[in-house]
Amino acid sequence: MNRLLPWPHSPDPAGGPPVRTDYAGALYGSLLAASVIASASVVGDFPRVQAVVLLLVTGLVFWAAHVYANLAGERRVGRRPGWAEIRRVGRHEWPIVEAALLPAAAVAVSPLLGLGLSGAAWLALGIAVAQQVGWACVGAVQAGATRTEVVVEGVINLVLGLVLVAAKAALGH
């Protein structure tokens, strides 16, 4: 099941709607993908295959780090995590990896769009920022936020993404 799409959340003990949403991994992964594209393309033009691999490997490494940090940081006293707990945490953090897929796909198909390496980087960065804003808004809507709160969530995430865009632009790529 694609974890980025709405999924069943923890039900309210009284049988009502979910008590919380969790799009943190999708948001974090999108910001991470934008950071990878912005920083990698500033250092130099990476061939497309290297950029795709860099996006996917970075997503996987940060996913593994989040799984480990969660398991190590939230340990129950006197108990080691079992395989069921490891799988549960791994599934929960998987959106970090999924968020790298669209920017990586954009880089991969960029030649079909007639884009050079710089254009591919800008396309991937734009997609990463757009999905970050999108997931922030989806999470807010799923949590029952007001329209104003949804807009604020979107603007905050747009500003975070635009900081990366500005950094990339300022450094000349």
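Check the entry above for the structure.
Since we're looking at a predicted model, the values are computed, not measured.

Chemist: Lay out the nonpolar core with the relevant residues and their values.
Modeler: A34, I37, L55, V107 and L125 are the most contacted members of the largest nonpolar core, which has 18 residues in total. Of all elements in the fold, only α1 (24–43), α2 (48–73), α4 (95–109) and α5 (117–142) reach the threshold of two or more residues within this core. With six residues, α1 is the single largest residue contributor to this core. Aside from chain neighbours lying at most four places away, what touches A34 is L125, A128, V129 and L164.

Chemist: Mind laying out the environment of G25, listing which residues take part and the relevant values?
Modeler: Turning to its location among the elements, G25 is positioned in helix α1. Since its relative accessible area comes to 9%, G25 is described here as buried. On a C-alpha basis, the gap between G25 and W63 in space is 8.8 Å, while along the polypeptide they are 38 residues apart. Once residues within four sequence positions are removed from consideration, G25 is found in contact with P95 and I96.

Chemist: Account for a nonpolar patch on the surface, with residues named and values stated.
Modeler: Residues Y28, V49, V53, V57, V61 and F62 make up a contiguous nonpolar surface patch of roughly 510 Å² in combined accessible area. Top contributing element to the nonpolar patch by residue count: α2, with five residues. Locating V53 in the fold gives a position in helix α2.

Chemist: Could you give an account of α5, naming the residues involved and the relevant values?
Modeler: Taking 1.5 Å of rise per residue, 26 residues should cover 38 Å, and α5 covers 37 Å from first to last C-alpha, within 8% of that figure. After α5 finishes, the residue G144 shows a positive phi value of roughly 85°.

Chemist: Could you give an account of the pattern of salt bridges, with specific residues and numbers?
Modeler: Inspection of every chain in the model, using the stated rule, returns one salt bridge. Put simply, E85 and R88 hold a salt bridge, and the shortest N to O gap is 2.8 Å. Note that E85 and R88 are positioned in helix α3 (residues 83–93) at a spacing of three residues, about one turn of the helix.

Reading the values: rules and limits
Residues numbered from 1 in each chain as written. Predicted model: local features only at pLDDT ≥ 70, side-chain atom pairs only at ≥ 80, totals over all residues. Heavy atoms only, no water. Core = buried A, V, L, I, M, F, W, Y, C linked by side-chain atoms within 4.5 Å. Buried < 20%, exposed > 50% of the residue type's maximum accessible area, 1.4 Å probe, protein only. Helix = DSSP H or I, 4+ residues; strand = E, 2+ residues; numbered from the N terminus. Contact = heavy atoms within 4.5 Å. Patch = residues over 30% accessible without salt bridge, like charges linked within 9 Å, V, L, I, M, F, W, Y side chains within 5 Å. Areas by Shrake-Rupley, 256 points an atom, 1.4 Å probe, with all protein chains shown as cover. Salt bridge = Lys/Arg side-chain N within 4 Å of Asp/Glu carboxyl O. Expected span 1.5 Å × (residues − 1).

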